[in-house]
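Secondary and tertiary structure notes
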Amino acid sequence: MKRLIALLLAVVMVLSMAACGKNAEATPDEATQPTESQSSTEPYVTPIGEGVYSKSSYTAAVADLTANKDLVVATLGDTELTLGQLQVYYWMYVYSFLNQYGSYISLFGLDINAPLDQQECPETEGSWQHYFLETALATWHEYMAMTLQGKANNVPLNKDLSDELAKVEPEMQAAVDKGDFDSLDDMLTKNVGPGIDFASYMEYLNVYYSGYNYYNHCAENIEVTDAMAEAYYEANKEALEEAGITKTSKLVDVRHILITPEGGTLNEDGSTTYTDAEWDACQKEAQAILDQWKSGEATEESFGKLAGEKTDDPGSKETGGLYENIQVGDMVVEFESWCFDESRKPGDTGLVKTDYGYHIMFYSADRLQWIKECTDGSLNEELGKIIDNAVASYDYSVDYEKILLGYQNLSGE
């Protein structure tokens, strides 16, 4: 179910891409078809087997995608996946992959300037097109299986998710009205991929949210016992210890208010050097803020409110200065030394100087790291079993000969 969780970002990706104007100046032909030099190049892979590898390339003209959008290419139980709906799963996963790995894409051997069907993928026996298609089909398989299980168990759609679904069309329409698009279908074609229409996209979202809803329902109703967490630790002890997680490792929650010195001299390497007087002034300001807090309610809540008003740390300003589940190696040495002092207890305060400035510290809570890691690990194992059972509960078949995929210039050029 990692795909289901990871693609949560992809659900809102359409709007963000539209806001950035991705491909807004390209015509549908320019955005969805290979150039003459690209289309004349033979695909990298030759037919090498059955299943997803039964065709060397699935790339087709946009007209063929549109004409065949209602063609059923896969079934799961009594449900069907059309060619138009498959385009959504396929391109959503492609862009989710690109978004996740960003500038590291080339390290995977993926060239965004070349067609996907003409590049060998180290993760498969074929091309990157084969890889993304296989993953897209597996994603639909999981989503739909969990959706059907949710219906079978009479699990209603969470109101928050239902509200999110209701906002999709008006928000997308607003993006169409503001952008260089003729319609919702036009925006989806230009910003996601060829052959995608709004009806197919909404079907994707409905299945996604329903499956995700049932996944959350299952997670909320699984109780991980101490015995389960202990068993997980013993079964994964070597890997956990290699990651620095032992029975004594702690996770720490702290709040802080960062006060940076004023003035300073900018160095050639971009760093700033402060005089002793500037550091002294910074320390006095930090101490004054700590004294101000102590003279009031002196609660964690009041500290968080003060952090929202005073901190120079943009990463924690909106959370009241809170950083949760800090482990060794997450923060700079001076910050960590204060957090992981053996005498530290909830409610402790103090000042810590780092290269960033003076931190006004509030120690919120701690917990044994192995318990959290092993509880989460046990929960994921139980959820994995639920997903596997759901996937195995329905007959599943794919007609690869009917599958067609469009071409999209991933570089945006």
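Above this text you will find the structure in question.
Residues numbered from 1 in each chain as written. Predicted model: local features only at pLDDT ≥ 70, side-chain atom pairs only at ≥ 80, totals over all residues. Heavy atoms only, no water.

Assigned secondary structure in the chain consists of 17 helices and 9 strands. Relative to its full complement of 413 residues, the chain shows a buried share of 44%. By sequence separation, contacts in the chain at least 24 residues apart represent 72% of the contacts at least 6 residues apart. As displayed, the chain offers around 21100 Å² of accessible surface, 47% of which is attributable to carbon and sulfur atoms. (Helix = DSSP H or I, 4+ residues; strand = E, 2+ residues; numbered from the N terminus. Buried < 20%, exposed > 50% of the residue type's maximum accessible area, 1.4 Å probe, protein only. Contact = heavy atoms within 4.5 Å. Areas by Shrake-Rupley, 256 points an atom, 1.4 Å probe, with all protein chains shown as cover.)

With that settled, consider the environment of alanine 231. Here alanine 231 shows up in helix 12 (residues 226–235). Residues alanine 231 and serine 378, spaced 147 residues apart in sequence, show a C-alpha to C-alpha distance of 8.7 Å.

Right, let's talk about the environment of glutamine 129 for a bit. Within the element layout of this structure, glutamine 129 appears in helix 8 (residues 128–152). With relative accessibility at 2%, the residue glutamine 129 sits in the buried group. Taking C-alpha positions, glutamine 129 is 4.9 Å from leucine 116, a pair spaced 13 residues apart along the chain. In contact with glutamine 129, not counting residues within four places along its chain, are Ser57, Tyr58, Thr59, Tyr90, Leu116, Asp117 and Leu405.

Attention now moves to the packing of helix 12 against helix 17 (residues 369–392). The axes of two packed helices give the description: the angle between them and the distance between them. Interaxial distance between helix 12 and helix 17 falls to 8 Å at its minimum, and their mutual angle equals 95 degrees. For the element pair helix 12 / helix 17, the angle class is roughly perpendicular. In contact with Met228, Ala229, Glu230, Tyr232 and Tyr233 of helix 12, helix 17 contributes Trp370, Glu373, Cys374, Thr375, Gly377, Ser378, Glu381 and Glu382. Taken together, the residues of the contact of helix 12 with helix 17 sort by class into 6 nonpolar, 3 polar and 4 charged. (Axes fitted to C-alpha atoms, helices over the stretch in contact; angles between N-to-C directions. Parallel < 35°, antiparallel > 145°, perpendicular 65-115°, else oblique. Nonpolar A, V, L, I, M, F, W, Y, C, P; charged D, E, K, R; others polar.)

In this section: the pairing of strand 1 (residues 72–76). Here 4 bridges tie strand 1 to strand 2 (residues 79–82), and the two strands are oriented antiparallel to one another. Pairing of threonine 75 across the sheet is with glutamate 80, part of strand 2. The turn joining strand 1 and strand 2, which pair antiparallel and follow one another in sequence, is formed by 2 residues; a positive phi near 60 degrees is taken by glycine 77. Here 3 bridges tie strand 1 to strand 9 (residues 396–398), and the two strands are oriented antiparallel to one another. Residue pairing for strand 9: threonine 75 is matched across the bridge by serine 397. (Pairing = 2+ DSSP bridges.)

Read from one edge of the open sheet, 3 strands run 2-1-9, paired in antiparallel fashion. Two strands close off the open sheet at either side, each with one partner strand: strand 2 and strand 9. Between one strand and the next, the sheet's axes are offset by a mean angle of 20 degrees, whatever the strand orientation. Strand contacts of helix 7 (residues 83–101): strand 1 and strand 2, with the helix running at about 75 degrees to strand 2, the strand carrying the most contacts. Strand contacts of helix 8: strand 1, strand 2 and strand 9, with the helix running at about 45 degrees to strand 1, the strand carrying the most contacts.

Right, let's talk about the side chain of serine 57 for a bit. Its place among the elements puts serine 57 in the loop between helix 5 (36–39) and helix 6 (62–67). For serine 57, a relative accessible area of 19% corresponds to the buried category. One polar contact links serine 57 to aspartate 117, side chain to side chain, over a distance of 2.5 Å. (Polar contact = N/O pair within 3.5 Å; in protein donor to acceptor, adjacent residues only side chain to side chain.)

The next subject is empty space enclosed by the protein. A complete count under the given rule lists 1 cavity of 30 Å³ or more for this structure. Its boundaries defined by the atoms lining it, the largest cavity holds a volume of some 70 Å³. Every residue along the wall of the largest cavity is listed here: Thr59, Tyr90, Trp91, Ala114, Pro115, Leu116, Asp117, Gln129, Gly406, Tyr407, Gln408 and Leu410. (1 Å grid on protein atoms, 1.4 Å probe; cavity = no way out; pocket = protein on both sides within 12 Å on 5 of 7 lines; lining within 4 Å. Points joined across faces, edges and corners; volume = space filled by probe spheres on them.)

On to the sheet that holds strand 8 (residues 357–368). Paired through backbone hydrogen bonds, the strands of a sheet run either parallel or antiparallel to each other. Sheet architecture is open: 4 strands sit in the order 6-3-8-7, paired in antiparallel fashion. This sheet does not close on itself; its edge strands, each paired only once, are strand 6 (322–326) and strand 7 (349–354). Going across the sheet, the axis of each strand differs from the next one's by a mean of 35 degrees, ignoring polarity. Note: strand 3 (residues 250–259) against strand 8, 10 bridges, orientation antiparallel. Bridging from a neighbouring strand, lysine 250 pairs with leucine 368 of strand 8. Here helix 15 (residues 300–310) sits on the sheet and contacts strand 3 and strand 8; the angle it forms with strand 3, its principal contact strand, is near 45 degrees.

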